[in-house]
Amino acid sequence: MSVPGSEFRLHRLAALMLAGSLCVGITQAQEATGTGAFVVETEKTTEQEKADKGFELQVLARHLKVYDAADENAVVISGVSRGQILHADLQQGDWFRIPVESASARGFGWVQQGVGEYDDMVLAVSPARAAVQAPLLIGTAEADPLAEGTITRNTLHGQQRSLAPAPVYEGQIAPPDALLPREFVPVPDRWRIMQALDFRFPFFDPYHQNVLKGDLPIAPEHFPEWFFTLGLISDTTYEMRRIPVPVAPQTSGQPGAYNIYGEGEQNTLVQNVVLNLGLTKGNTTFRPPDYEFRFVPVFQYNQSRTEEERLLRIDPRTGYSRTDNFVGVQELFFDKHLRNVSERYDFDSLRIGIQPMQADFRGFLFQDNALGIRLFGTRDNNRWQYNLAWFRRLEKDTNSGLNDLSQRPRDDDVYLFNVYHQDFPRVGFTSQLTAIHNRNRESGADYYDDNGFLVRPAVVGDVRPHDYQVTYLGYSGDGHFGRYGLSTSAYLALGSADGNALAQQKQDIQAWFAAAELSRDFSWIRLRGNFLYASGDKDPFNDTAGGFDAILENPQFAGADTSFFIRQAVPLVGGGGVALSGRNGVLPSLRSSKDKGQSNFVNPGLTLLGVGADFDVLPTLRVLSNISYLRFNETEVLGVLRNQAAPSNELGTDISAGLQWRPLYSQNIVISGSFAALMPGKGMRELYPDEDTVPLYSALFNILLAF
């Protein structure tokens with residue numbers, strides 16, 4: 001029930017309130033428009049009279065054209081901008097007629113309702129209010145509201161008021177007009193609010209909102225929780241080195257070369273292009289994705305050149321150089337979020353397919369992209385993390401080291417369980433327990449790589465294929481105690497091998513490994529101390545194998561890529577078709593190939609003692625340095641393979657230095673260079689006597705570009 005006269009009083013009050021806002025507000029006009037005048041009606045108006053006044057239009061688009069007829073092919077006579085309020089007295093379909101005025105005549109113009117760039121409407125249409133906008137002026141001196149000087153507006157009582165415009169900077173989003181009839185404007189896509197305001201970033205900008213980086217849903221109207229990520233990496237490496245190499249047994253390209261050791265200079269160019277494609281479902285701000293699909297192909301071109309034959313291929317007629325290219329699939333998996341187990345999104349997830357796995361913090365034991373099934377998750381607010389997985393190792397391409405899906409997977413299984421506990425034994429340090437069982441059943445047939453070399457079994461002893469199984473039990477830790485950083489790993493390897501090429505009998509595997517890095521930061525300098533011990537085999541002919549070997553190592557330790565001994569594969573010249581150490585490996589495991597060969601637990605073992613320092617000279621420039629003393633633990637097996645007395649334990653001193661430059665202060669562009677040399681000890685000189693006077697070195701240059 002209404003009180004007589006209340007409708008009139010309320011209507012008049014609303015008009016007065018609107019008039020007050022008109023006195024201080026400014027309606028923003030579009031370029032080439034003039035000053036608008038406002039007429040406020042204070043008389044009592046019936047509902048029918050309101051309807052007769054037509055429509056009120058709010059401009060939502062950044063710019064809207066005004067035509068002289070309701071036709072897209074008509075002449076454009078003016079324009080209006082986002083935020084303006086227009087009065088239309090007539091509608092024809094999706095066209096609305098609005099009054100316009102020029103310096104010489106009055107008339108009408110037409111604006112069209114439509115869909116904007118982001119599927120939003122360009123006009124908001126509502127019944128006309130009591131306050132009606134005067135005709136839009138065109139062709140006047142005050143057409144540009146952002147021009148220098150003042151802007152004149154008519155007030156409620158016919159008085160004119162001049163206001164100086166606020167400074168406007170290029171690229172700035174215009175503030176909301178004080179006369180907007182709504183406080184909130186509906187946005188059809190909450191993910192693209194900034195784009196709806198015409199504030200957007202180019203697609204090649206990975207630092208800001210980008211649909212290619214999973215910042216926005218790919219199709220918010222149909223798939224509002226599906227996100228796509230694109231990663232593109234170019235990794236270019238050029239490397240020069242000198243390592244001990246043999247003279248080809250059939251022939252040599254060097255006239256008069258009768259020595260055992262040949263020219264060891266080599267160079268390699270490798271170009272990798274990594275394409276990372278990911279599709280995820282779910283709001284991942286606070287919780288894992290519901291589903292994830294990932295596909296990562298790697299395209300590689302490589303070119304190598306040596307100065308001796310039969311180093312790159314078994315056939316000496318192929319010469320001194322080799323060019324190859326390959327496409328490997330490093331990741332291809334499906335990830336399903338099974339459940340949340342706490343209100344803070346502790347979870348269980350299942351991942352199936354080719355996926356990356358690293359067994360410990362530094363990659364000492366197992367780091368691979370293998371085919372498998374992995375159950376993983378967290379507990380107690382992410383303090384506990386676990387992995388339970390089975391992996392079947394894939395054959396690697398011979399020259400690139402990438403996964404080769406054209407070949408059957410290897411009969412080499414890895415069963416893994418590890419658990420992490422953060423802040424144990426104290427805050428800032430993470431502890432990890434690991435149990436891994438490696439079951440290898442590759443004794444069925446000989447396997448030759450693409451270059452014609454026999455890699456399974458290794459060409460040593462009786463060259464008899466064999467199987468083995470070994471269980472690794474380990475502890476790893478990573479973190480800090482006060483200002484001291486500590487990273488450590490220790491493993492015990494227990495198992496059996498049904499045969500050994502040297503012992504020619506079944507052996508029990510009993511080996512162990514320990515490594516630690518202690519560091520301390522002093523402002524822009526980090527000092528590091530490194531220690532590593534891998535047990536060696538004392539007697540290659542007994543029934544116990546005591547040399548420690550990993551499944552597939554890639555250690556980030558003691559200089560890693562900058563180190564000569566870790567970076568380079570050094571052949572055991574005259575000791576069969578095995579290498580003293582594998583490429584990107586620290587263990588002298590005497591394998592035929594780190595990627596394609598079998599683990600070997602009859603090896604000399606290693607002790608490493610080293611110091612290093614990292615200098616952040618500039619925010620974009622880091623200098624790396626490292627010195628490591630290397631020593632064999634047991635050398636009997638080396639003497640047997642070389643048919644000589646056991647050499648000295650002293651391997652040598654590895655000295656390396658490098659530069660890392662990040663010009664954008666990020667990982668998007670990283671340029672690195674390093675140089676390393678191995679100063680041979682007595683044992684190294686006894687193994688390679690002809691190399692005594694020639695230094696062993698490696699020089700590396702790398703450019704990494706990431707999007």
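In case you missed it, the structure is sitting above this.
Residues numbered from 1 in each chain as written. Predicted model: local features only at pLDDT ≥ 70, side-chain atom pairs only at ≥ 80, totals over all residues. Heavy atoms only, no water.

Another point: the packing of aromatic side chains. Summed over all chains, the structure comprises 19 aromatic pairs. A ring pair is formed by Phe361 and Tyr420, whose centres lie 5.8 Å apart and whose planes are at 70°; its orientation type is edge-to-face. One end of the pair, Phe361, is in the loop between strand 19 (347-358) and strand 20 (367-379); the other, Tyr420, is in strand 22 (residues 412-421), with 59 residues separating them in the sequence. Judged by its relative accessible area of 13%, Tyr420 falls in the buried class. Ring geometry for Phe513 against Phe548: centres 5.2 Å apart, planes inclined by 25°, an arrangement best described as stacked. One end of the pair, Phe513, is in strand 28 (residues 507-522); the other, Phe548, is in the loop between strand 30 (544-545) and helix 4 (564-567), and 35 residues separate them in sequence. Phe548 matches Phe513 in its accessibility class, with the two residues each being buried. Taking the ring centre of Phe108 as reference, the NZ or CZ of Arg97 above it sits at 4.0 Å. One cation-aromatic arrangement involves Arg642 over Tyr688; the distance from NZ or CZ to the ring centre is 6.0 Å. (Phe/Tyr/Trp six-rings, centres within 6.5 Å; stacked < 30°, edge-to-face > 60°. Helix = DSSP H or I, 4+ residues; strand = E, 2+ residues; numbered from the N terminus. Buried < 20%, exposed > 50% of the residue type's maximum accessible area, 1.4 Å probe, protein only. Lys NZ or Arg CZ within 6 Å of the ring centre and 35° of its normal.)

Moving on, we come to the sheet that holds strand 2 (residues 55-59). By way of backbone hydrogen bonds, the strands of a sheet pair with one another, either parallel or antiparallel. Taken in spatial order, the 3 strands line up as 5-2-9 in an open sheet, and their pairing is antiparallel. The sheet terminates laterally at strand 5 (85-88) and strand 9 (123-127), the two strands that pair on one side only. With direction set aside, neighbouring strand axes in the sheet form an average angle of 25°. With 4 bridges joining them, strand 2 and strand 5 adopt antiparallel strand pairing. By the bridge assignment for strand 5, Gln58 is matched with Ile85. (Pairing = 2+ DSSP bridges. Axes fitted to C-alpha atoms, helices over the stretch in contact; angles between N-to-C directions.)

Looking at the secondary structure, you find Thr229 in strand 15 (residues 223-242). In this structure the C-alpha to C-alpha distance between Thr229 and Ile218, which are 11 residues apart in sequence, comes to 9.8 Å.

What follows is about a nonpolar patch on the surface. A cluster of nonpolar side chains, contributed by Tyr238, Met240, Leu269, Tyr301 and Phe701, occupies part of the molecular surface with about 420 Å² of accessible area. Residue Tyr238 is classed as partly exposed on the basis of its relative accessible area of 35%. (Patch = residues over 30% accessible without salt bridge, like charges linked within 9 Å, V, L, I, M, F, W, Y side chains within 5 Å. Areas by Shrake-Rupley, 256 points an atom, 1.4 Å probe, with all protein chains shown as cover. Salt bridge = Lys/Arg side-chain N within 4 Å of Asp/Glu carboxyl O.)

This paragraph deals with the pattern of salt bridges. Across all of its chains, the model carries 33 salt bridges by this definition. One salt bridge connects Asp412 with Arg393, and the closest N-O pair in it is separated by 3.0 Å. Taken together, the residues span a long stretch of sequence, with Asp412 in strand 22 and Arg393 in the loop between strand 21 (384-392) and strand 22 at a distance of 19 residues. Accessibility expressed as a relative area gives 2% for Arg393, which makes it buried. Each of the salt bridges in this network shares a partner with another, and the network as a whole consists of Asp368, Arg393, Glu395, Lys396, Arg410, Asp412, Glu442, Arg456 and Lys596.

Next up on the list: the environment of Leu433. Mapped onto the elements, Leu433 comes out in strand 23 (residues 429-440). Taking the C-alpha atoms as reference points, Leu433 and Leu473, 40 residues apart in sequence, are found 7.8 Å from one another. Those residues in contact with Leu433 that lie beyond four places of it in its chain are Phe417, Asn418, Val419, Gly474 and Tyr475. (Contact = heavy atoms within 4.5 Å.)

Bringing unusual backbone geometry into the picture now. Most peptide bonds take the trans form, and the phi angle of most residues other than glycine is negative. Along the chain, Phe424 connects to Pro425 via a cis peptide bond; the corresponding omega equals 10°. By the element assignment, Pro425 lies in the loop between strand 22 and strand 23. Here the amide bond leading from Arg456 into Pro457 is cis, since omega sits at 0°, within 30 degrees of zero. Structurally, Pro457 is set in the loop between strand 25 (454-456) and strand 26 (468-481). Positive phi values are uncommon outside glycine, yet Val463 reaches one of about 50°. Within the secondary structure, Val463 sits in the loop between strand 25 and strand 26. Non-glycine residue Ala560 carries a positive phi angle of around 45°.

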